[in-house]
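Here are the chains, one letter per residue:
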Amino acid sequence: SMGTRFAMYESAMQIASKLEEATHITLTNDEAPKPWASSIAILGGAGRIGSKLIEDLCKQFQTVIAIDPRYLEERQELLHGSTVIYTKRGERLKGTRLVLVLTARGDDILPMVDHFEPGTVIADDTHPCMKRPTREMLQKQGVDVWKTVVTSDEYGMYPRMPNFRNDNIPGCLLEALVLNAKGDHVLESPEKFFEEAKTCGYKTLLIRHPDDS
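Bear in mind the structure is a predicted one, so any value in this text is a computation, not a measurement. (Residues numbered from 1 in each chain as written. Predicted model: local features only at pLDDT ≥ 70, side-chain atom pairs only at ≥ 80, totals over all residues. Heavy atoms only, no water.)

A. Just the packing of helix α4 (residues 171–182) against helix α5 (residues 190–199), in detail. Running from N to C, α4 and α5 cross one another at 80°; their axes reach a closest spacing of 10 Å. When the axes of α4 and α5 are compared, the pair comes out roughly perpendicular. Along the contact surface, α4 presents L174, E175, V178 and K182, while α5 presents F193, E196, A197 and T199. Its residues placed into classes, the contact of α4 with α5 shows four nonpolar, one polar and three charged. (Axes fitted to C-alpha atoms, helices over the stretch in contact; angles between N-to-C directions. Helix = DSSP H or I, 4+ residues; strand = E, 2+ residues; numbered from the N terminus. Parallel < 35°, antiparallel > 145°, perpendicular 65-115°, else oblique. Contact = heavy atoms within 4.5 Å. Nonpolar A, V, L, I, M, F, W, Y, C, P; charged D, E, K, R; others polar.)

B. Layout of the nonpolar core. I54, L57, F61, V64, L100 and F193 are the most contacted members of the largest nonpolar core, which totals 41 residues. Looking at this core element by element, the count peaks at 10 residues for helix α1 (residues 2–23). For L100, the residues in contact, after removing those within four places along its chain, are M8, A12, I40, A41, I42, L43, L53, L57 and A123. Ranked by size, the runner-up nonpolar core spans 17 residues in total, among them I65, I67, I122 and V145. (Core = buried A, V, L, I, M, F, W, Y, C linked by side-chain atoms within 4.5 Å. Buried < 20%, exposed > 50% of the residue type's maximum accessible area, 1.4 Å probe, protein only.)

C. Examining the pattern of salt bridges more closely. This structure, assessed with the given rule, holds 14 salt bridges. Measuring nitrogen to oxygen at the nearest pair gives 3.2 Å for the salt bridge that ties E10 to K198. Taken together, the residues span a long stretch of sequence, with E10 in helix α1 and K198 in helix α5 at a distance of 188 residues. A salt bridge links R97 to E117, with the shortest nitrogen-to-oxygen separation between them at 3.9 Å. Of the two residues, R97 is situated in the loop between β4 (82–87) and β5 (98–101) and E117 in the loop between β5 and β6 (121–124); the sequence distance between them amounts to 20 residues. We classify R97 as partly exposed; its relative accessible area is 32%. The network of salt bridges with common partners includes E74, R89, E91 and R92. (Salt bridge = Lys/Arg side-chain N within 4 Å of Asp/Glu carboxyl O.)

D. View of the side chain of T96. Its place among the elements puts T96 in the loop between β4 and β5. A residue is classified by how much of its surface remains accessible, and T96, at 2% relative accessible area, is buried. In contact with T96, other than residues within four places in its own chain, are S39, I40, A41, I65 and T120.

E. Main features of the packing of aromatic side chains. Per the counting criterion, the structure on display carries three aromatic pairs. Measuring from centroid to centroid gives 5.5 Å for Y71 and Y86, while their planes differ by 70°, and the two rings are edge-to-face. Note that Y71 is positioned in the loop between β2 (63–67) and β3 (75–79) and Y86 in strand β4, a separation of 15 residues in sequence. You'll find Y71 and Y86 in the same group, each marked buried. Feature note: the residues F6, Y9 and F194 constitute an aromatic cluster, connected by ring pairs. Positioned above the aromatic ring of W146 is the side chain of K18, whose terminal nitrogen or guanidinium carbon lies 5.6 Å from the ring centre. Residue placement shows R208 over the ring face of W146; its charged tip is 3.5 Å from the ring centre. (Phe/Tyr/Trp six-rings, centres within 6.5 Å; stacked < 30°, edge-to-face > 60°. Lys NZ or Arg CZ within 6 Å of the ring centre and 35° of its normal.)

F. Representation of the pairing of β6. What you see with β6 is no split at all: V121 and A123 on one side and I122 and D124 on the other are buried throughout. Pairing of β5 with β6, which is carried by four bridges, proceeds in the parallel orientation. From the neighbouring strand, L100 faces β6, where its bridge partner is A123. Between the parallel pair β6 and strand β7 (residues 144–151), the chain is carried across by helix α3 (residues 132–140), and the sense of this crossover is right-handed. (Pairing = 2+ DSSP bridges. Right-handed = clockwise from strand over helix to strand, strands pointing away.)

As structure tokens, this is what we get:
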């Protein structure tokens, strides 16, 4: 899960920074200033990767909204000083403008489409990704949709993966590449893996979905 966690965490940081620049607001809590947008939602928060990514995001965001139909009832907990809301209610999307999509398939978000607020930015890391009609529905609502990929100046894949460019690496492959280059110690912690991935020259990009997706 480390590669996808790296990709989605870095995507969240990039989007949060852009949102802050757009609003010229720095949000903090009483105990520890957090220099990012205050809240974020994960669609697919109950999944194997999403459930771990929640911990990563709590270190930067004051509120993490985990949305998944597998949550039977809504509940809250404090984690690393931040509030995590576990829910299946799409209405909770109105509480944030930053959404990570980690559902099994991109179009699994269709029941949630009406709940997105204008100005929301989505980072999509689904395979298969959100289809064009779904993206167009969101764009008509004023939602900015991006695809998350990892890249490196020294990387190329031939033939390319479907819905990817030749220099794009899916997050699920990144863990093997970094592990092969650096050794088992990179899995000691997410922070260690993220650091070593950057040392290897990997970075996260937010791109528009390819025409064939």
